[in-house]
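Summary of the model geometry
Residue-level listing of the chains:
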Amino acid sequence: VIARVRVILRRTQDVPSSESVRSFADLSGHDPASIVGAHHRVVRHPDMPRAVFARTWQLLRDGGLAAAYVKNLAADGRFFWVFSVVVPVAGGHVNVRRAPRGPLFAEVAEAYRRLRAAERQGEGLAAQLARLDGELADLGFADFRSFMSRAMQTEVADLPDRRVDEGRPRTPGSGELTRRPGSRG
C-alpha cells in the first residue's frame, strides 16, 4: 500500500495542469506522458468491482457528480487507494482525489471484496449493481447518492478550514461564506 496524503485535482477538459499530472504520476509511478489523456484502465486495479465504475459513469452521464473509493494499480504492481470526487464540467470533468481517511473506508473496501468475489463467479453487471445497492443498504445507506454524501463529508472533515474572499484566506467564523443581497461585507 502506498500511503501518501495529497489532494490531486485533474480536469479532463483541455489539458490537465502539469502539477496534477506530476502529482498523480508520482503517486502511481507512471511516466507523466503516459497518463495524459489515457483511459483509467492504465491504473485500474483488478480488485475494483465493475459496478462501482458503472454507477459512477451513470451519475456523470445524468449530469450529477460522483464519488467513490477507488483502488488503483501503480506501475510497479503495488496499489494505492484514493477517494475520488468527479464533477462534470463543460467538455469533461474535474476529478479531485485524496488518500482515504474516513471511517467508511474499511467497510467499503470489505464490501468491494465481496462484490468482486461474486463478479469473479460470473455475476453480471445488473446483478452486481443490485448487489452494490444491497451492500450500501447493509451499511445504512438508502442509495448510492446518500453514501456519496456521507463519504464526502467524512473524507474532507480533516482538511483545513480555509475560506477565500477577495484572494485573502479567511479564518473560521471571520465572515460569511456568501453574502446576502444588500448586506455589507
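Further up the page is the structure itself.
Bear in mind that the values here come from a model prediction, so they are computed numbers and not experimental data.

Here we come to the overall build of the protein. Per the secondary structure count, the protein includes six helices and six strands. Going from N to C terminus, the protein has its helices and strands arranged as β-α-α-α-β-β-β-α-α-α-β-β. Looking at the protein residue by residue over its 185 residues, the buried ones come to 39%. Contacts in the protein between residues far apart in sequence, at least 24 positions, make up 57% of those at least 6 positions apart. Here the protein has roughly 10,700 Å² of accessible surface; of this, 54% comes from carbon and sulfur atoms.

Among the secondary structure elements, Ala117 is positioned in helix H4 (residues 105-120). Sequence separation between Ala117 and Pro49 is 68 residues; the distance between their C-alpha atoms is 8.9 Å.

The terminal C-alpha atoms of helix H6 (residues 144-156), which comprises 13 residues, lie 18 Å apart, in line with the 18 Å expected from a rise of 1.5 Å per residue. Burial in H6 covers these residues: Phe144, Phe147, Met148, Ala151, Thr154 and Glu155. The buried residues of H6 occupy one face: seen down the axis, they fall within an arc of 135°. The opening residue of H6 is Asp143, an N-cap whose side-chain oxygen sits 3.3 Å from the backbone nitrogen of Arg145.

Axis separation between helix H3 (residues 50-61) and helix H5 (residues 125-138) bottoms out at 9 Å; the angle between their running directions is 85°. What the angle tells us is that H3 and H5 run roughly perpendicular. Here Arg50, Ala51, Val52, Ala54 and Arg55 of H3 lie close against H5, whose contacting residues are Leu125, Gln128, Leu129, Leu132 and Asp133. For the contact of H3 with H5, the per-class residue count stands at six nonpolar, one polar and three charged.

A full pass over the atoms with the stated rule returns ten salt bridges. Connected through salt bridges with shared partners, the residues Glu110, Arg113, Arg114 and Glu135 form a single ionic network.

We now examine the pairing of strand E4 (residues 92-98). Counting buried positions over the seven residues of E4 gives five, a clear majority of the element. As paired elements, strand E3 (residues 79-89) and E4 share seven bridges and run antiparallel to each other. Across the sheet, Ser84 pairs through a bridge with Arg97, a residue of E4. With antiparallel pairing between neighbouring strands as the criterion, E3 and E4 make up a hairpin whose turn holds two residues, including Gly91 at a positive phi of roughly 80°.

Turning our eyes to something else, we now look at the packing of H4 against H5. Contact pair H4 / H5: the axes reach a minimum separation of 10 Å and the direction vectors enclose 155°. By the angle between their axes, H4 is roughly antiparallel relative to H5. Two packed elements cross with a definite hand, and for H4 against H5 that hand is right-handed. Contacts between H4 and H5 involve Ala111, Arg114, Leu115, Ala118 and Glu119 from the first element and Gln128, Arg131, Leu132 and Glu135 from the second.

Conventions and cut-offs
- Residues numbered from 1 in each chain as written.
- Predicted model: local features only at pLDDT ≥ 70, side-chain atom pairs only at ≥ 80, totals over all residues.
- Heavy atoms only, no water.
- Helix = DSSP H or I, 4+ residues; strand = E, 2+ residues; numbered from the N terminus.
- Buried < 20%, exposed > 50% of the residue type's maximum accessible area, 1.4 Å probe, protein only.
- Contact = heavy atoms within 4.5 Å.
- Areas by Shrake-Rupley, 256 points an atom, 1.4 Å probe, with all protein chains shown as cover.
- Expected span 1.5 Å × (residues − 1).
- Arc of directions from axis to C-beta.
- Polar contact = N/O pair within 3.5 Å; in protein donor to acceptor, adjacent residues only side chain to side chain.
- Axes fitted to C-alpha atoms, helices over the stretch in contact; angles between N-to-C directions.
- Parallel < 35°, antiparallel > 145°, perpendicular 65-115°, else oblique.
- Nonpolar A, V, L, I, M, F, W, Y, C, P; charged D, E, K, R; others polar.
- Salt bridge = Lys/Arg side-chain N within 4 Å of Asp/Glu carboxyl O.
- Pairing = 2+ DSSP bridges.
- Left-handed = near helix turned anticlockwise from the far one by under 90°.

In short, shape yes, function no, at least from these values alone.
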